[in-house]
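# Observations on chain architecture
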Amino acid sequence: MALASGVRFAARALLRPWALLRGTTLGRTEPAAGGGGDGARRFGSQRVLVEPDAASGVAVMKLRNPPVNALSLELLTELVISLEKLENDKTFRGVILTSDCPRVFCAGLDLTEICGRNPAHCAEYWKAMQELWLRTYLSSLVLVAAINGACPAGGCIIALSCDCRVLADNPKYRIGLNETLLGIIAPFWLKDTYVNTIGHRASEQALQLGSLFPPAEALQVGLVDQVVPEDQVQSTALSEMARWLAVPDHARQLTKNMMRKATADRLLRQRDADTQNFVSFVCRDSIQKSLQAYLEKLRQRKG
Ligand SMILES: CC/C=C\C/C=C\CCCC/C=C/C(=O)SCCNC(=O)CCNC(=O)[C@H](O)C(C)(C)COP(=O)(O)OP(=O)(O)OC[C@H]1O[C@@H](n2cnc3c(N)ncnc32)[C@H](O)[C@@H]1OP(=O)(O)O
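The chain appears in an unreviewed UniProt entry as Enoyl-CoA delta isomerase 1, mitochondrial from Bos taurus. Reading the Sequence similarities (unreviewed entry) entry of the UniProt record for the chain gives the comment "Belongs to the enoyl-CoA hydratase/isomerase family." Under Function (unreviewed entry), UniProt gives the following word-for-word description of the chain: "Key enzyme of fatty acid beta-oxidation. Able to isomerize both 3-cis (3Z) and 3-trans (3E) double bonds into the 2-trans (2E) form in a range of enoyl-CoA species, with a preference for (3Z)-enoyl-CoAs over (3E)-enoyl-CoAs. The catalytic efficiency of this enzyme is not affected by the fatty acyl chain length."

## A look at the site of the ligand
Gly 108, Leu 109, Ala 153, Gly 154 and Leu 298 are the nearest of the 31 residues found near the ligand. Residue composition of the shell around the ligand, by class: 20 nonpolar, 5 polar and 6 charged.

## What to know about helix α4 (residues 119-137)
Taking 1.5 Å per residue, 19 residues should reach 27 Å; α4 reaches 27 Å between its end C-alpha atoms and fits that length. Considered for burial, the residues of α4 that qualify are Cys 122, Glu 124, Tyr 125, Trp 126, Lys 127, Ala 128, Met 129, Leu 132, Trp 133, Thr 136 and Tyr 137.

## What to know about the packing of helix α6 (residues 188-198) against helix α10 (residues 249-269)
Here α6 crosses α10 at 175°, and the two axes come no closer than 10 Å. By the angle class used here, α6 and α10 are roughly antiparallel. Residues Trp 189, Asp 192, Thr 193 and Asn 196 of α6 form the contact with α10, whose own contacting residues are Thr 263, Arg 266 and Leu 267. Counted by class, the contact of α6 with α10 contains 2 nonpolar, 3 polar and 2 charged residues.

## Looking at the packing of helix α3 (residues 73-88) against α4
Remark: α3 packs on α4, axes separated minimally by 9 Å, with the N-to-C direction vectors making an angle of 30°. Here α4 runs roughly parallel to α3, going by the angle between their axes. The two elements α3 and α4 cross, and the hand of that crossing is left-handed. Contact with α3, carried on its side by Leu 73, Leu 76, Thr 77, Leu 79, Val 80 and Leu 83, involves Tyr 125, Ala 128, Met 129, Glu 131, Leu 132, Arg 135 and Thr 136 of α4 and no other residues of that element. The class makeup of the residues in the contact of α3 with α4 is 9 nonpolar, 2 polar and 2 charged.

## Some details on the environment of Glu 179
Examined against the element boundaries, Glu 179 turns out to sit in the loop between β9 (175-176) and α6. For Glu 179, a count of 21 C-beta atoms within 10 Å puts it in the buried group. Separated by 70 residues in the primary sequence, Glu 179 and Asp 249 place their C-alpha atoms 36 Å from one another. In this view, Glu 179 contacts Ala 153, Ile 184, Ile 185, Ala 186 and Gly 210; residues no more than four positions away in its chain are not counted.

## Focus: helix α12 (residues 285-301)
Between its first and last C-alpha, α12 extends 24 Å over 17 residues, near the 24 Å set by a 1.5 Å rise per residue. In terms of burial, α12 is a largely surface element, 1 of the 17 residues being buried.

## Considering the environment of Pro 67
By the secondary structure assignment, Pro 67 is in the loop between β4 (58-63) and α3. Judged by the 10 C-beta atoms lying within 10 Å of it, Pro 67 is exposed. Sequence separation of Pro 67 and Val 104 is 37 residues, and the distance between their C-alpha atoms is 8.3 Å.

## Concerning the pairing of β4
Burial of β4 is extensive: 6 of the 6 residues sit out of reach of the surface. With 6 bridges connecting them, strand β3 (residues 48-53) and β4 associate as antiparallel partners. For Pro 52, the partnering residue across the bridge sits in β4 and is Ala 59. Here 6 bridges tie β4 to strand β5 (residues 94-99), and the two strands are oriented parallel to one another. Across the sheet, residue Val 60 finds its bridge partner in β5, namely Ile 96.

## Observations regarding unusual backbone geometry
Here the bond from Pro 66 into Pro 67 is cis, since omega is 10°, no more than 30 degrees from zero. In this model, Arg 103 sits at a positive phi of 70°, which is unusual for a non-glycine residue. Examined against the element boundaries, Arg 103 turns out to sit in the loop between β5 and α4. C-beta crowding within 10 Å serves as the criterion here: with 15 such atoms nearby, Arg 103 is assigned to the partly exposed category. Although it is not a glycine, Ala 153 sits at a positive phi angle of roughly 45°. Structurally, the position occupied by Ala 153 is in the loop between β7 (151-152) and α5 (154-160). For Ala 153, a count of 24 C-beta atoms within 10 Å translates into the label buried.

Reading the values: the criteria
- Residues numbered from 1 in each chain as written.
- Predicted model: local features only at pLDDT ≥ 70, side-chain atom pairs only at ≥ 80, totals over all residues.
- UniProt positions renumbered as here; feature names shortened; annotations may be inferred.
- Near = placed C-beta within 6 Å.
- Nonpolar A, V, L, I, M, F, W, Y, C, P; charged D, E, K, R; others polar.
- Helix = DSSP H or I, 4+ residues; strand = E, 2+ residues; numbered from the N terminus.
- Expected span 1.5 Å × (residues − 1).
- Buried ≥ 20, exposed ≤ 12 C-beta atoms within 10 Å, placed from the backbone.
- Axes fitted to C-alpha atoms, helices over the stretch in contact; angles between N-to-C directions.
- Parallel < 35°, antiparallel > 145°, perpendicular 65-115°, else oblique.
- Contact = placed C-beta atoms within 7 Å.
- Left-handed = near helix turned anticlockwise from the far one by under 90°.
- Pairing = 2+ DSSP bridges.

Here you go:
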């Protein structure tokens, strides 16, 4: 009951983002720990913590949906709203995206959103996923992913839609698109993003095998731009950000758009068909069974 009303609330907010601003902490600012002036005030929502630094024009956005930052409908909605809020505030030129959950950047799709759910819910969920990708992939802001944990599937989608990726050097923090191992298929726009990042042959191999790359291999294949000791992820992300912000915004933004628009337009042209494909695919009995089995395996793995 509570979950259903939460979902309805999030869905309403996706259509009318400002609806979420009422009655939640989103849009409310509070002093950051140890902070004083305006530049050190933070805002956010239940699942996304934003630490803005007005002086540098950079905000740190932390995913906070424990235990593993699975992309629930609520998290997707709150991410879109937080990003939109920063984009509309001309003070900000860059965002560092990171995790507030230990050892996991983002576990990808929240499988409970597509297991045992009706087609209408799966459609609503998938539209929210498309929206987040479109928003991040085409964002006018510089987005740097500070990947401080495991980054499979949907987590990798978020990282790939950023302009630059810094990964913590921990063999447990693997990154990649492992969909095939769950018996599901990456949609074409995700495949395109992979190809745009690591090239056709490497994508062909990695997608079919469902490869999750440990840091050194992720660096070698070009999936991430830097691998650094865990305690240097944040500072390296800030240095990367400075490098990107040294370029005049208009020139960088137009160039980004030139590089990415065709890929995004492909989804924009067939958004409804992509949603229908997704729904009819995940609602098949056989796919539901394999997703259930995968979730069960994850649950049993514990302890
Ligand atoms: C025609 C084609 C049309 C359409 C195509 C169809 C589909 C499109 C696919 C779209 C692309 C995206 C796909 C995805 O993102 S699928 C999700 C893939 N994710 C994973 O495989 C990651 C699974 N999780 C893990 O490997 C580990 O949890 C992780 C992240 C390494 C962390 O490990 P650890 O810290 O040890 O934590 P636990 O494993 O113990 O997990 C804690 C707790 O969280 C639950 N959980 C984990 N991941 C998910 C998840 N993705 N969704 C929901 N729940 C998750 C886990 O079960 C535990 O729960 P518990 O109740 O036991 O506490």
